[in-house]
Amino acid sequence: MDDELHWKKHLNKLKAVISAPRAGIISDFDGTLSDFADTAAEARIREENARALDLLADRVTLVALVSGRATADLRARFERPWLRYYGSHGLDRWHEDSVRIVPAAEEWRTSLQQLLAEFTPPPDSGVYIEDKGITAAVHYRLSDNPEKMRVQLMETLQPLCTRYKFTLSEGRFVWEVKPPLSLSKGTAVQALVEDHQLDGVLFLGDDTTDLAAMVYLRQLREEETIQALSVGVFHDDSDPAGLRASCDLVAYGTADVAQLLMWVADQLPSKSE
């Protein structure tokens, strides 16, 4: 691997982070632990990643998933009692055996349904809506001409979002419709760091929505608050602009992530031994 940012060239930095007394592993799901699928419903965690996370659960203070998926959907795809879940870009989480939605987000449910009722995907376009209750994702990965469809959807969705006061943000072959709240994967990671008193964090993500978490962790590191590294997971030319500038290290695809996580597990003793 000739990329100077590839994680295998920075093992000492990684070891310093994961060896912190209260270290945590926080990861995105789609495109990071799970390979891309034609539809969001078909995505499954890569077996090697599941195995690595199971090992890490007994070796670090925290293992958590932070995703754009709704928490209930996220948990159904990889259910573990020790895992912490934040979904809907930080708008909901799993807490004490149930999904807890941020109160400020709850009041936007009706408006979202009204917005979606006015939006009809172009027929036979491969576009589909993922309704998450308090947010929605409009996917166009299956479109014959994704770049053309990207622009067409933006021109249709932006006026609707403006009218109903939602924000429209872009991900990998998806437009995200979200309430105008100052919550993100960055605030979700902040809550995890504070709730679990972490002094070391390894974060993994591959999309635009992961950048807020990377920026937050870099700030903590620069303030010498905690040790932290963010790994950007790259796939192809569709990787979002800004990912390389925001991450500290890189991995190439979910198989490379599995190698990284297994390496981390191998460096740390089991707490039960």
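Within each chain, residue numbers correspond to sequence positions counted from 1 in written order. Local features in this predicted model are restricted to residues whose pLDDT is 70 or higher, and side-chain atom pairs enter the listing and the counts only when it is 80 or higher, whereas totals over whole chains, interfaces and linings include all residues. As a convention, hydrogens and water are excluded, and side-chain values are obtained from all of the structure's heavy atoms.

**Q** Would you mind going over unusual backbone geometry in detail, with residue names and values included?
**A** The general pattern is negative phi for most residues beyond glycine and trans for most peptide bonds. Phi is positive for lysine 165, close to 65°, though the residue is something other than glycine. By the element assignment, lysine 165 lies in the loop between helix 6 (146–164) and strand 8 (167–171). Of note, the phi angle at phenylalanine 173 is positive, near 60°, even though the residue is not glycine. Looking at the element boundaries, phenylalanine 173 is found in the loop between strand 8 and strand 9 (174–178). On the basis of relative accessibility, which here comes to 23%, the residue phenylalanine 173 falls in the partly exposed class. Secondary structure elements are taken from DSSP: a helix is a run of H or I of four residues or more, a strand is a run of E of two residues or more, and numbering for both begins at the N terminus. Relative accessibility decides the category of a residue: with a 1.4 Å probe and only protein chains considered, values under 20% of the type maximum give buried, values over 50% give exposed, and everything between is partly exposed.

**Q** Go over the sheet that holds strand 9, please, and point to the residues and values.
**A** Within a sheet, adjacent strands bond to each other through the backbone by hydrogen bonds, running parallel or antiparallel. Here, strands pair whenever DSSP counts at least two bridges between them. As summarised here, the arrangement of the four strands in space is 6-7-9-8, forming an open sheet in which the pairing is antiparallel. Every other strand in the sheet has two partners, leaving strand 6 (128–131) and strand 8 as the edge strands with one partner each. With strand direction ignored, the average angle separating the axes of adjacent strands in the sheet is 20°. The pairing of strand 7 (residues 136–139) with strand 9 spans four bridges and is classified as antiparallel. When the bridges of strand 9 are listed, valine 138 appears paired with tryptophan 175. The contact definition used throughout considers only heavy atoms, calling two residues in contact when any of these lie within 4.5 Å. Here an axis means a line fitted to C-alpha atoms, over the contact stretch when the element is a helix, while the angle between two N-to-C directions is reported on a 0 to 180 degree scale. Contacts from helix 6 reach strand 7, strand 8 and strand 9 within the one sheet, and its direction differs from that of strand 8 by about 155°.

**Q** Residues and numbers for the pattern of salt bridges, please.
**A** The salt bridge definition used is simple: a Lys or Arg side-chain nitrogen within 4 Å of an Asp or Glu carboxyl oxygen. Enumeration over the complete set of coordinates arrives at 21 salt bridges. For the salt bridge of aspartate 3 with arginine 244, the shortest nitrogen-to-oxygen distance reads 2.7 Å. Of this pair, aspartate 3 sits in the segment before helix 1 (11–18) while arginine 244 sits in helix 9 (residues 243–246); the two residues are 241 residues apart in sequence, bridging distant segments of the chain. Judged by relative accessible area, which is 13%, aspartate 3 ranks as buried. Overall, the relative accessible area of 38% leaves arginine 244 in the partly exposed class.

**Q** Outline the packing of helix 1 against helix 10 (residues 253–267), listing residues and values.
**A** Where helix 1 meets helix 10, the axes come as close as 11 Å, and the angle between the chain directions of the two elements is 60°. It follows that helix 1 is oblique to helix 10 by the angle criterion. As for the relative orientation of helix 1 and helix 10, their crossing is right-handed in sense. Touching Leu11, Leu14, Lys15 and Ile18 of helix 1 are Leu260, Trp263, Val264 and Gln267, all from helix 10. Residues that form the contact of helix 1 with helix 10 fall into these classes: six nonpolar, one polar and one charged. When describing relative orientation, an angle under 35 degrees is termed roughly parallel and one over 145 degrees roughly antiparallel, while 65 to 115 degrees is termed roughly perpendicular and anything else oblique. Left-handed is the label given to a crossing in which the near helix is rotated counterclockwise from the far helix by less than a right angle, and right-handed is the label when the rotation is clockwise. Any residue outside Ala, Val, Leu, Ile, Met, Phe, Trp, Tyr, Cys, Pro, Asp, Glu, Lys and Arg is labelled polar, Gly included; the first ten of those are nonpolar and the last four are charged.

**Q** Kindly report on the sheet that holds strand 4 (residues 92–95), identifying the contributing residues and their values.
**A** Read across the open sheet, the eight strands follow the order 5-4-3-2-1-10-11-12; overall the sheet is mixed. Whereas interior strands pair on both sides, the edge strands pair on one side only; in this sheet they are strand 5 (98–101) and strand 12 (249–252). For this sheet, the mean inter-axis angle between neighbouring strands, taken without regard to orientation, is 20°. Pairing of strand 1 (residues 23–27) with strand 10 (residues 200–205), which is carried by five bridges, proceeds in the parallel orientation. When the sheet's bridge partners are listed, isoleucine 26 is paired in strand 10 with phenylalanine 203. Against the sheet, helix 7 (residues 185–195) contacts strand 1, strand 2 (62–66), strand 3 (84–87) and strand 10, and its axis sits at roughly 165° relative to strand 2. Sitting on the sheet, helix 8 (residues 211–222) touches strand 10 and strand 11 (227–234), and the angle it makes with strand 11 is about 150°.

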